[in-house]
Amino acid sequence: MTGDPTDVPADAPARAALAERAVISRHVRSLYGMPGTALGVVGWPPSRSDRTYRRWHYWWQAHLLDCLVDAELRDPDPVRRGRVTAVARGIRWRNGGRWTNNYYDDMAWLGLSLERARSAGIVDASGAIRRLTAELLGSWSDTDGGIPWRRGDDFRNAPANGPAAVLLARLGHVRRAADTVDWLLDRLLDRPTGLIMDGIRAGGVLQREIYTYCQGVVLGACVELAHRGDGDDATRFAALVPPLVAAVERHLAPAGVLRGHGGGDGGLFTGILARYLALVAVGLPGDGAEAVVTRHAAGRLVTASAQAAWTHRAEVAGLPLFGDDWSNGAQVPSSTGAGWLDDGATGSSRQPQRDLSVQLGGWMLLEAAATLPVG
């Protein structure tokens, strides 16, 4: 059934709590039955490869961890704290006992989630964070600038450099974080729209696709640098936020609701943008008119999107199930028929509502909305 907004809790924290319950009940299981571990099953209803964790998607799990930290900050609970530890342990075990892999964007996302879990006092992940940070610092090119998408690749993109900049700023590597944001704006800013493009290959060949999460990570890095940079640098990075928020509102939010990118990896993209728009709404410094307008605009995008996602949710056993497009009704996925088959290339099913990424995106959005001031 499609959700009726008149028969559900109207406050954002209650909605976020129901989204958490939905994801935990449908997707989160122990890894191979090992005590003290947990991992997200990447499809629901699950295929055999989902149930056995043959497909598991390292970076989706990093965002599961991040959403759990969101929930713990919203409503502390000892059971959830144990789940955060179990998911962190499950990621490492499923990854062959290592924290690292071959993709710098993946490692940046896991570093961010572990840093937030450590800062919240949930897990002591200092060794893992040091290992992941060393990978990001060591991958910077003094010749071309930026870090590559993956080891041995000449493709340098916003999905790797953006989250790396956020993490490095939070860990005190402010100069490298600032250099990374400057590189992103110099190489990947699409001047006609004011948005950040996907990436650049050797020889200056641009990948001009515009994705929502590329905007989010640059916004997040700028806010962090506005707080951590020195003097003029802090002011400069704060000043970069208003035009990017305005560009998002103009080009990526039809009727005021953030647009989606389908299932698979794309299911996470717009939730990530919502996370960092909420950071802008509560964390962009400044008392001037432009800063105030920008904070309100960022908050408005998050709250309108959260309302749309809730209004257009489906429900299964009284818990929400979100669509990949928050402006349209979600469909309950079927476990039979051709529409259920997995697309191995993207990790998406032909029914995107099956994907853990899509459900995490909805949960992430509602947690972002729950951080905003009422009224």
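Every value quoted in this text rests on a predicted model; they were computed, and no experiment measured them. (Residues numbered from 1 in each chain as written. Predicted model: local features only at pLDDT ≥ 70, side-chain atom pairs only at ≥ 80, totals over all residues. Heavy atoms only, no water.)

1. Looking at the overall build of the chain
When helices and strands are tallied, the chain shows 13 helices and 10 strands. Since a compact globule built from 375 residues should have a radius of gyration of about 21 Å, the 19 Å found for the chain is in line with a globular shape. Once the C-alpha set of the chain is aligned to its principal axes, its extents read approximately 55 × 45 × 40 Å. Residues classed as buried in the chain amount to 57% of the 375 residues present. Sequence separation of at least 24 residues holds for 66% of the intrachain contacts in the chain that already meet a minimum separation of 6. For the chain, the accessible surface area stands at approximately 14,600 Å², while carbon and sulfur atoms represent 52% of it. (Helix = DSSP H or I, 4+ residues; strand = E, 2+ residues; numbered from the N terminus. Rg over C-alpha atoms; globule rule 2.2 N^0.38 Å. Buried < 20%, exposed > 50% of the residue type's maximum accessible area, 1.4 Å probe, protein only. Contact = heavy atoms within 4.5 Å. Areas by Shrake-Rupley, 256 points an atom, 1.4 Å probe, with all protein chains shown as cover.)

2. Section: the layout of surface pockets
One number sums up the size of the second largest pocket: a volume of about 470 Å³. If you trace the second largest pocket, you find 21 residues lining it, with Thr303, Ala369, Leu372, Pro373 and Val374 closest to the centre. Elements with a contribution of two residues or more to the lining of the second largest pocket: helix 1 (12-27), helix 12 (289-311) and helix 13 (356-370). The element that contributes the greatest number of residues to the lining of the second largest pocket is helix 12, accounting for 8 residues. Looking at side-chain class alone, the lining of the second largest pocket contains 12 nonpolar, 5 polar and 4 charged residues. (1 Å grid on protein atoms, 1.4 Å probe; cavity = no way out; pocket = protein on both sides within 12 Å on 5 of 7 lines; lining within 4 Å. Points joined across faces, edges and corners; volume = space filled by probe spheres on them. Nonpolar A, V, L, I, M, F, W, Y, C, P; charged D, E, K, R; others polar.)

3. Comments concerning the pairing of strand 5 (residues 195-201)
Taken across its 7 residues, strand 5 has 6 buried, putting it largely inside the fold. Across 2 bridges, strand 3 (residues 156-157) lies against strand 5 in antiparallel orientation. Across the sheet, the residue bridging to Asn157 is Gly199, located in strand 5. Hairpin connection of strand 4 (residues 189-190) to strand 5: 4 residues between the antiparallel strands, including Gly194 at a positive phi of 80°. What sits between strand 5 and strand 6 (residues 205-210) in their antiparallel hairpin is a turn of 3 residues, with Gly203 showing a positive phi close to 85°. (Pairing = 2+ DSSP bridges.)

4. Overview of the packing of helix 8 (residues 174-188) against helix 10 (residues 232-251)
If you want to describe how two helices pack, look at the angle between their axes and the distance between the axes. Contact geometry of helix 8 with helix 10 gives a least axis separation of 12 Å together with a crossing angle of 40°. Between helix 8 and helix 10, the interaxial angle falls into the category oblique. Note on packing geometry: the crossing formed by helix 8 with helix 10 is left-handed. Contacts between helix 8 and helix 10 involve Arg175, Ala178, Val181, Asp182 and Leu185 on the former and, on the latter, Asp233, Arg236, Phe237 and Leu240. Counted by class, the contact of helix 8 with helix 10 contains 5 nonpolar, no polar and 4 charged residues. (Axes fitted to C-alpha atoms, helices over the stretch in contact; angles between N-to-C directions. Parallel < 35°, antiparallel > 145°, perpendicular 65-115°, else oblique. Left-handed = near helix turned anticlockwise from the far one by under 90°.)

5. Focus on the pattern of salt bridges
Going through the model one piece at a time under the given rule, you end up with 23 salt bridges. One salt bridge in this structure joins Arg80 and Glu72, with 2.9 Å as the shortest N-O distance. Under the relative-accessibility criterion, Arg80 is labelled buried at 5%. You can call Glu72 buried: its relative accessible area is 5%. Of the charged contacts, one joins Arg170 and Glu224 as a salt bridge, the two residues approaching to 2.9 Å between their closest N and O atoms. Within this pair, whereas Arg170 is found in helix 7 (residues 158-170), its partner Glu224 is found in helix 9 (residues 212-228), the two being separated by 54 residues in sequence. Of the two residues, Arg170 and Glu224, both sit in the buried class. Sharing partners across several salt bridges, the network here consists of Glu20, Glu72, Arg74, Arg80, Arg81 and Glu367. (Salt bridge = Lys/Arg side-chain N within 4 Å of Asp/Glu carboxyl O.)

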